[in-house]
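Tertiary structure, described
This is what each chain is made of:
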Amino acid sequence: APLPDDKFLCGFSHIFAGGYAAGYYSYKWAEVMAADAFGAFEEEGLEDEAAVGDLGIKFRDTVLALGGSRHPSDVFKSFRGRDPSPKTLLRQSGLVGAASSS
């Protein structure tokens, strides 16, 4: 029997059996893209209202305006100017330090 603290770990096998792995991967990849997009605002400096406002307009004109009309990676690149990176998500999740994510 699983330990009370490990119930989730022992019961999370559904991502490896039954075809759910691809769906789980897509959820995690969406988290990577969301964290990296927010990372752009962090890089501008969240306290700099003018810079955040300008970046917000760019986000609106790329991610929100283009939506599903183009491939998601192309939409992301039009906003960030590069492919998505997992570094920000790893930092936000506490898996790497702030200095390691640059």
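Keep in mind it's a predicted model, so treat the numbers as computed, not measured. (Residues numbered from 1 in each chain as written. Predicted model: local features only at pLDDT ≥ 70, side-chain atom pairs only at ≥ 80, totals over all residues. Heavy atoms only, no water.)

1. Considerations on the nonpolar core
- Listed in full, the 7 residues of the largest apolar core are Met33, Ala37, Ala40, Phe41, Leu55, Phe76 and Phe79.
- For this core, the secondary-structure elements that each account for two or more residues are α2 (21-44) and α4 (72-80).
- The biggest single contributor to this core is α2, with 4 residues.
- Sequence-distant contacts of Ala37, defined by excluding residues within four places in its chain, comprise Phe59, Phe76 and Phe79. (Core = buried A, V, L, I, M, F, W, Y, C linked by side-chain atoms within 4.5 Å. Buried < 20%, exposed > 50% of the residue type's maximum accessible area, 1.4 Å probe, protein only. Helix = DSSP H or I, 4+ residues; strand = E, 2+ residues; numbered from the N terminus. Contact = heavy atoms within 4.5 Å.)

2. Things to note about the environment of Arg70
- Its place among the elements puts Arg70 in the loop between α3 (49-66) and α4.
- The class for Arg70 is partly exposed, based on a relative accessible area of 37%.
- Once residues lying within four places of it in the same chain are set aside, the contact partners of Arg70 are Val75 and Ser78.
- Polar contacts involving the side chain of Arg70 include one to the main-chain carbonyl oxygen of Asp74, which spans 3.4 Å. (Polar contact = N/O pair within 3.5 Å; in protein donor to acceptor, adjacent residues only side chain to side chain.)

3. Quick word on α4
- Every buried residue of α4 is listed here: Val75, Phe76, Phe79 and Arg80. Viewed along the axis of α4, the buried residues span an arc of 115°, placing them on a single side of the element.
- Those residues of α4 hidden inside the fold are in contact with α2 and α3.
- Note on α4: the residue one or two positions beyond its end, Gly81, has a positive phi of about 80°. (Arc of directions from axis to C-beta.)

4. Quick notes on the packing of aromatic side chains
- Taken as a whole and assessed by the stated rule, the structure comprises 3 aromatic pairs.
- Through pairs of rings, three or more aromatic residues link up here, namely Phe41, Phe59 and Phe79. (Phe/Tyr/Trp six-rings, centres within 6.5 Å; stacked < 30°, edge-to-face > 60°.)

5. Considering the packing of α2 against α4
- Contact geometry of α2 with α4 gives a least axis separation of 11 Å together with a crossing angle of 10°. What the angle tells us is that α2 and α4 run roughly parallel. Residues Met33, Asp36, Ala37, Gly39, Ala40, Phe41 and Glu43 of α2 form the contact with α4, whose own contacting residues are Pro72, Phe76, Phe79 and Arg80.
- Partitioned by chemical class, the residues of the contact of α2 with α4 number 7 nonpolar, 1 polar and 3 charged. (Axes fitted to C-alpha atoms, helices over the stretch in contact; angles between N-to-C directions. Parallel < 35°, antiparallel > 145°, perpendicular 65-115°, else oblique. Nonpolar A, V, L, I, M, F, W, Y, C, P; charged D, E, K, R; others polar.)

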